[in-house]
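Working through the structure, step by step
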Amino acid sequence: LLGFLHEHKVRNHLWLTADVHYCAAHHYHPDRAAFQDFEPFWEFVAGPLNAGSFGPNPLDKTFGPQVVFQKAPPAQNTSPFAGFQFFGEVQIDGQTAELTVTLRDLDGISVFEQKLQPA
């Protein structure tokens, strides 16, 4: 899929991941990767909505991930009452096309924000 996107010059793609049971922002870049036929991209992780929290596991190095942010519980399968539940919000500015991803905790407080300019 990443090779196809690169070959067809599809840019400005990102990945939103929910079922991972912790909160994170990962940046992937071919300069750090074993597989290099792709454009750099972001992955934003938020979850779970109401389940045990755990993770993260070590990231696979195939696509050159860099952990830019992560928030996870101190122990595996932490109860939802422990406060490690997250959700994400995405906004696109109609004038500039700037995209803002905000990762929030259960109280709606921002724990991470990333602004992305279109390429």
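Notes on the pattern of salt bridges
- According to the stated counting rule, one finds 3 salt bridges in the structure shown.
- For the salt bridge of Glu39 with Arg11, the shortest nitrogen-to-oxygen distance reads 3.9 Å. One end of the pair, Glu39, is in the loop between β2 (23–28) and β3 (41–45); the other, Arg11, is in the loop between α1 (2–7) and β1 (14–17), and 28 residues separate them in sequence.
- For Glu113, the salt bridge identified is with Lys115, shortest N-O distance 3.7 Å.
- On the accessibility criterion, Glu113 (43% relative accessible area) is partly exposed.

Description of the environment of Leu49
- Counting through the fold element by element, Leu49 comes out in the loop between β3 and β4 (65–71).
- Taking relative accessible area as the criterion, Leu49 reaches 71% and is therefore assigned exposed.
- Measuring from C-alpha to C-alpha, the distance between Leu49 and Tyr28 comes to 25 Å, with 21 residues separating the pair along the chain.
- Excluding anything up to four places from it in sequence, Leu49 contacts Gln85 and Phe86.

A word on unusual backbone geometry
- The linkage connecting Gly47 with the following residue, Pro48, adopts the cis geometry, with an omega of -10°.
- One can find Pro48 in the loop between β3 and β4.
- One non-glycine residue, Lys9, lies in the positive phi region at around 55°.
- Tracing the sequence through the fold places Lys9 in the loop between α1 and β1.
- On the accessibility criterion, Lys9 (59% relative accessible area) is exposed.
- At Asn12, a residue that is not glycine, the phi angle is positive and equals roughly 65°.
- Considering the arrangement of structural elements, one finds Asn12 in the loop between α1 and β1.

As for the sheet that holds β1
- A sheet is described by the order of its strands in space; here 4 strands give the open sequence β1-β3-β2-β4, paired in mixed fashion. Of all strands in the sheet, those with a lone pairing partner are β1 and β4, marking the two edges. Strand-to-strand twist of the sheet, defined as the mean angle between neighbouring strand axes without regard to direction, takes the value 15°.
- Across 5 bridges, the pairing between β2 and β3 is antiparallel. The residue bridging Ala25 from the neighbouring strand is Phe44, located in β3.

Reading the values: the criteria
- Residue numbers restart at each chain and count upward from 1, following the sequence in its written direction.
- In view of the model being predicted, local features appear only for residues whose pLDDT reaches at least 70, and side-chain atom pairs are presented and counted only at 80 or more, with totals across whole chains, interfaces and linings using the full set of residues.
- For the side-chain quantities, the full set of heavy atoms in the structure was used; hydrogens and water were omitted.
- Salt bridge, as used here, is a side-chain nitrogen of Lys or Arg placed within 4 Å of a carboxyl oxygen of Asp or Glu.
- Note on conventions: DSSP H or I runs of at least 4 residues are helices, E runs of at least 2 residues are strands, and numbering of each starts at the N terminus.
- Working definition: with a 1.4 Å probe on protein chains only, accessible area under 20% of the residue-type maximum means buried, over 50% means exposed, and in between means partly exposed.
- Contacts between residues were defined by any pair of non-hydrogen atoms, one from each residue, lying within 4.5 Å.
- Strand pairing is defined by DSSP finding a minimum of two bridges between the two strands.
- Axes here mean lines fitted to C-alpha atoms, for a helix over just the part in contact, with angles spanning 0 to 180 degrees between N-to-C directions.

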